[in-house]
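Residues per chain, in single letters:
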There are 2 protein chains.
Amino acid sequence: MTSAIPAKGMRDLLPGQVATRDWATARILEVYASYGFTRIETPAVENLSVLVGAQGGENEKLIFKILKRGEKLSAADSGELADLGLRFDLTVPLARYYAHLHASLPQPLRAIQIGPVWRADQPQKGRYRQFTQCDIDILGLGSPLAEIELIRATVDALAEVTLRSFTVRVNDRRILMALVTAAGFAEAEAGTVLVTLDKMDKVGVSGVQRELVGRGFPAERVSAFLTSVAEIEKRAMANEADLGWVDLRVDRGAVTALATIIRSVRADQATWSQGGASVDIRFDPTLVRGMGYYTGPIFEISEASYTSSIAGGGRYDDMIGRFLGRTVPACGFSIGFERLMDILEERGAAAAFASARTKVALLVDEALEDLTPVLTEARARRADGAVVIVEPRHAKNAGRQIFQLAKDGFTDGRVYRADGTAEDIGTTLRSKRAASAEGV
Amino acid sequence: MTSAIPAKGMRDLLPGQVATRDWATARILEVYASYGFTRIETPAVENLSVLVGAQGGENEKLIFKILKRGEKLSAADSGELADLGLRFDLTVPLARYYAHLHASLPQPLRAIQIGPVWRADQPQKGRYRQFTQCDIDILGLGSPLAEIELIRATVDALAEVTLRSFTVRVNDRRILMALVTAAGFAEAEAGTVLVTLDKMDKVGVSGVQRELVGRGFPAERVSAFLTSVAEIEKRAMANEADLGWVDLRVDRGAVTALATIIRSVRADQATWSQGGASVDIRFDPTLVRGMGYYTGPIFEISEASYTSSIAGGGRYDDMIGRFLGRTVPACGFSIGFERLMDILEERGAAAAFASARTKVALLVDEALEDLTPVLTEARARRADGAVVIVEPRHAKNAGRQIFQLAKDGFTDGRVYRADGTAEDIGTTLRSKRAASAEGV
């Protein structure tokens, strides 16, 4: 017998889980559409040359690679065995997509992508090897209006699926770079330094210090760097949002844009409050984000009751150039759809999303020859908006069948007998359902 | 520079294409839901042991295989290089899914699956290496009510997306088997004989005859077989649907069930006519279908103006047993979603699916410092149901920007100037739009 267990780290979704996902997806897409975003699609499979060297950080090590086929494989014994791979995010394929189709796309392009990505990570609770991402991106717009609209749309979308208490943290890669170089690190060392700084949440200041020294950086320089980070963090907490006080050697445009983003999102706080949601947006100089491809503002949203973030994004102005040969400004925000689903399921939200339609069961004695009356009733009830199933009546175990139907939410129905008569079973179904709901 | 072309046989979808797909998907799912079907999901990636030996016919040769990772790959140099594969259909994974989760699933399970499958086929016009299938299946129901509901639901779904003139052809694998053995072939030869018979549409009777003789079967036996097929086909065309005249050595239950299916679907013809659709259902003894896993009734739907079928399915009672160790009756119907999309696009249907919402463009002079009034208007218009974009006003090329917005369907808007005043551009947008629609 072949095992029925899904492949390692992969999973099957039950009807109720899919219903929650479909409910959330429809709500989120509706909000994004009102911001002018339209859905696009790229294939799950990309040439490896697209995925490798995409500055995707650790994710590039986790690519599921696809074996060459036929003659290509026979010819490959000394070289690469694989030529294709499953996408590990939706951003790298989007950059390729834009370069491929830009002449046929609106300018700027406001794209929604929702779909699976794959990473050959060590599976653990809540982390799967196939998972869904839900991204919006604005391609071809260098103005901070892009960041402002991305953040507002994402908060609106998360509020629409019943989340209520948001913290938005924003930073800019150029500010991080100024902190790193001011402490005496070389620009080429910035990647390593920032990836380590990103672990602050988990390992604390002393952990970051230890790891950087362990990597061979002078203890004195590491201390100076961490002190300046702590200093700017303290000042960020204390100061107003205009960021005029930021005295690093950094493009003043970057600082002004970040201040505009914070101020503009804050302007919406009153409206969100009226809808019952609270949104706190602030400059967080310790925010790093993992990907190497970010070039400007970066941002994350977390919800009050969960430590890790629910959505993250940033500006990646250099990525499309790799495929197009010229720079196109680009900026995106990605909802961690699986984490969102975990939260909604944890809150028992699924029951609330169940369809409100009447469920009708038409049961047929096996000996009934002419099914026309049954099928006619099924069609009429469906036209009235009901969900209708037609199935044989269990001759031997009729009580069990009725009990199960009541438990599955059927509250109306009829038994069609072999002699052509029909008996209403709605009352029975509703009383069994009431009993089952009371746990009797 | 890295190439922006998608991997061989894969494709990117433009916003308009995705809109058509989303429109059709929503309509089809709505119809299926009214029949009591609920959506489920399995992962795209399966253990190769699930995909190989699944009686998937030619498709098993077309599996995209995934390279082993890390130590597993190092240890594999003499053996299999791959351990996983991308699913080539949605039926084999569904059988595994049911065996895995049956204890938590409704009985019978009415499942909808819509999602991509992959086959490393030679790409050609209209055939891609990643394509979407849309399946409904009823698992745990041996009664012909399953086939009847699957066929009715699929016709309803196709009619809902504006198709109008259907031919449903039905047959039964047991009738085919009786024809094959009556002509003197061994049961073990049936697979080869039927796969060849399936090519009748393309190569004609003489082509089938030539191929079977070429495969080493006695010319006399091949002739006898093709004569009996032609004979039963002629009688099927001439006779009424009760199939009482079928005089093969075959389970009479199979013949009765097929007659019930035909009669019950015919009972709906008047209703379909009222909705403007015509449905012709008939017994076609030459219908084979490619997969080896079918065990009983098989069926296909084609639309008047297209020769090849749009949907196909059948009963596969033995498949779940491979994963569960006991037989579970199962039956499914799959819409060829890509072919359906080709038809809808060919008919220029996409324009009809465009959103009817007002599109509003708010353009902002770059020097404007306080964005609050713009963002407040955007929020208010979105709350009223409009699609609103906010973007910088092109200082140098304002005329071109307005023209492009009008072309993209924006009919209302405002320019926010640096001095805080705002100018309505709705009239301009609407007149440019009218001019653009007239091709001026």
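Treat the numbers as computed from the prediction; the structure is a model and nothing was measured.

Trainee: What should I look at first to understand the relation of the copies chain B and chain A in this one?
Mentor: When chain B is fitted onto chain A, the two copies agree to an RMSD of 0.0 Å after a turn of 180 degrees and an axial shift of 0.0 Å. These values place the two chain copies in the arrangement generated by a two-fold rotation axis. Minimal C-alpha distance to the rotation axis in chain B is attained by Ile66(B), lying at 2.2 Å. A share of 100% of the interface residues of chain B reappears at the interface of chain A, consistent with the copies meeting face to face through the same patch.

Trainee: What should I look at first to understand the packing of aromatic side chains in this one?
Mentor: Any pair of aromatic rings gets described here by the distance separating the centres and the angle formed by the planes. All names here are of chain A. Here the structure, examined in full by the defined rule, presents 14 aromatic pairs over all chains. Between Trp245 and Phe283 the ring centres are 6.2 Å apart and the planes differ by 50 degrees, which places this aromatic pair in the tilted class. Of the two residues, Trp245 sits in the loop between helix H9 (219–238) and helix H10 (252–266) while Phe283 sits in strand S8 (residues 278–283), which places them 38 residues apart along the sequence. With respect to burial, Trp245 and Phe283 carry one shared label: buried.

Trainee: In this structure, what is going on with the packing of helix H8 (residues 200–214) of chain A against H9(A)? I would like to understand it.
Mentor: Packed helix pairs are specified by the crossing angle of their axes together with the interaxial distance, meaning the distance between the axes. Residue and element names in this part refer to chain A. Running from N to C, H8 and H9 point in directions that differ by 145 degrees, and their axes come no closer than 9 Å. Classified by chirality, the crossing of H9 by H8 is right-handed. From H8, Val205, Val208, Gln209, Leu212 and Val213 reach across to H9, where they touch Ala219, Val222, Ser223 and Leu226. A class-by-class count of the residues in the contact of H8 with H9 yields seven nonpolar, two polar and no charged.

Trainee: Quick question: what am I supposed to make of the packing of helix H7 (residues 190–197) of chain B against helix H8 (residues 200–214) of chain B here?
Mentor: Residue and element names in this part refer to chain B. In contact at an axis separation of 8 Å, H7 and H8 are set at 140 degrees when each is read in the N-to-C sense. Relative to H8, H7 is oriented oblique. Along its contact with H7, which presents Thr192, Val193, Thr196 and Leu197, the element H8 presents Met200, Val208, Glu211 and Leu212. Its residues placed into classes, the contact of H7 with H8 shows five nonpolar, two polar and one charged.

Trainee: It is not clear to me how the nonpolar core should be interpreted in this structure. Could you clarify?
Mentor: Soluble, globular proteins show a tendency: their nonpolar side chains are buried together. The biggest cluster of nonpolar side chains holds 245 residues, and the ones touching the most others in it are Tyr32(A), Phe225(A), Phe283(A), Tyr32(B), Phe225(B) and Phe283(B). Excluding residues that lie within four positions of it along the chain, Phe283(A) makes contacts with Val170(A), Asn171(A), Ile175(A), Ile232(A), Ala236(A), Leu243(A), Trp245(A), Val246(A), Leu258(A) and Ile262(A).

Trainee: Sorry, what's going on with the sheet that holds strand S7 (residues 165–172) of chain A here?
Mentor: Two strands in a sheet stick together by hydrogen bonds in their backbones, pointing the same way (parallel) or opposite ways (antiparallel). All names here are of chain A. Strand order in the open sheet formed by eight strands is S1-S5-S6-S11-S10-S9-S7-S8, and the pairing between neighbours is mixed. Only two strands of the sheet have a single partner each, and these edge strands are strand S1 (38–39) and S8. Two elements, S7 and S8, share six bridges in a ladder whose sense is parallel. Directly across from Val170, in S8, lies its bridge partner Phe283.

Trainee: Would you mind showing me how to read the interface of chain B and chain A here?
Mentor: Frequently, the measure chosen for interface size is the accessible area that the parts lose on association. Each side of the interface is counted separately: chain B has 91 residues, and chain A has 91 residues. Between chain B and chain A, the buried area comes to about 7,600 Å², and carbon and sulfur atoms account for 60% of it. In this structure, Asp22(A) engages Arg39(B) in a salt bridge whose closest nitrogen and oxygen atoms are separated by 2.6 Å. In this assembly, chain B and chain A are joined by 34 residue pairs in polar contact (both at pLDDT 80 or more). Residue composition of the side of chain B that touches chain A, grouped by class: 49 nonpolar, 18 polar and 24 charged.

Trainee: Which parts of the structure should I look at to understand the pairing of strand S6 (residues 130–139) of chain A?
Mentor: A regular strand places its side chains so that they alternate between the two faces of the sheet. Residue and element names in this part refer to chain A. Taken across its 10 residues, S6 has 10 buried, putting it largely inside the fold. Both faces of S6 are covered, namely the face carrying Gln130, Thr132, Cys134, Ile136 and Ile138 and the face carrying Phe131, Gln133, Asp135, Asp137 and Leu139. Pairing between strand S5 (residues 109–118) and S6: 10 bridges, direction antiparallel. Of the residues in S6, the one forming a bridge with Val117 is Phe131. In terms of strand pairing, S6 meets strand S11 (residues 330–336) through seven bridges, oriented antiparallel. Looking at the pairing, Gln133 lines up with Gly336 of S11.

Trainee: What is the right way to look at the sheet that holds strand S13 (residues 387–392) of chain B in this model?
Mentor: Residue and element names in this part refer to chain B. The four strands are arranged S13-S12-S14-S15 in an open sheet whose pairing can be described as mixed. The open sheet has two edge strands, S13 and strand S15 (422–424), and neither has a second partner. When the angles between neighbouring strand axes are averaged without regard to direction, this sheet yields 20 degrees. Note that strand S12 (residues 359–364) and strand S14 (residues 412–416) share five bridges and pair parallel. Bridge pairing links Val364 to Tyr416 in S14. Against the sheet, helix H15 (residues 372–383) engages S12, S13 and S14, with an angle of about 160 degrees to S13. Against the sheet, helix H17 (residues 426–437) contacts S14 and S15, and its axis sits at roughly 130 degrees relative to S14.

Trainee: Sorry if this is basic, but what is going on with unusual backbone geometry here?
Mentor: Across the chain, the bulk of peptide bonds are trans and the bulk of non-glycine residues have phi less than zero. Residues and elements named next belong to chain A. At the junction of Gln107 and Pro108, the peptide bond is cis and its omega measures out at -10 degrees in the coordinates. The topology assignment puts Pro108 in the loop between helix H4 (91–101) and S5. Even without a glycine there, the phi angle at Thr162 is positive, about 80 degrees. Counting through the fold element by element, Thr162 comes out in the loop between helix H5 (145–160) and S7.

Trainee: Any chance you could explain the confidence of the model for chain A here in plain terms?
Mentor: Residues and elements named next belong to chain A. When pLDDT is averaged along chain A, the result is 91; 96% of the residues meet or exceed 70. Within chain A, helix H3 (residues 70–74) has the poorest average pLDDT of any element, 77, and strand S2 (residues 45–47) the best, 98. Both confidence scores are given for the complex: pTM 0.93, ipTM 0.93.

Trainee: Help me understand the side chain of Arg173(A), please; the structure alone is not making it clear to me.
Mentor: As for its position among the elements, Arg173(A) is in helix H6 (residues 173–182). For Arg173(A), which is buried and forms no salt bridge, the nearest opposite charge comes from Asp198(A), at a distance of 7.1 Å.

Rules behind the numbers
Residues numbered from 1 in each chain as written. Chains lettered and ligands numbered in written order. Predicted model: local features only at pLDDT ≥ 70, side-chain atom pairs only at ≥ 80, totals over all residues. Heavy atoms only, no water. Least-squares fit on C-alpha atoms with pLDDT ≥ 70 in both. Contact = heavy atoms within 4.5 Å. Phe/Tyr/Trp six-rings, centres within 6.5 Å; stacked < 30°, edge-to-face > 60°. Helix = DSSP H or I, 4+ residues; strand = E, 2+ residues; numbered from the N terminus. Buried < 20%, exposed > 50% of the residue type's maximum accessible area, 1.4 Å probe, protein only. Axes fitted to C-alpha atoms, helices over the stretch in contact; angles between N-to-C directions. Left-handed = near helix turned anticlockwise from the far one by under 90°. Nonpolar A, V, L, I, M, F, W, Y, C, P; charged D, E, K, R; others polar. Parallel < 35°, antiparallel > 145°, perpendicular 65-115°, else oblique. Core = buried A, V, L, I, M, F, W, Y, C linked by side-chain atoms within 4.5 Å. Pairing = 2+ DSSP bridges. Buried area = accessible area lost by both parts, 1.4 Å probe. Salt bridge = Lys/Arg side-chain N within 4 Å of Asp/Glu carboxyl O. Polar contact = N/O pair within 3.5 Å; in protein donor to acceptor, adjacent residues only side chain to side chain. pLDDT = per-residue confidence, 0-100. Lys, Arg positive; Asp, Glu negative; His and termini not counted.

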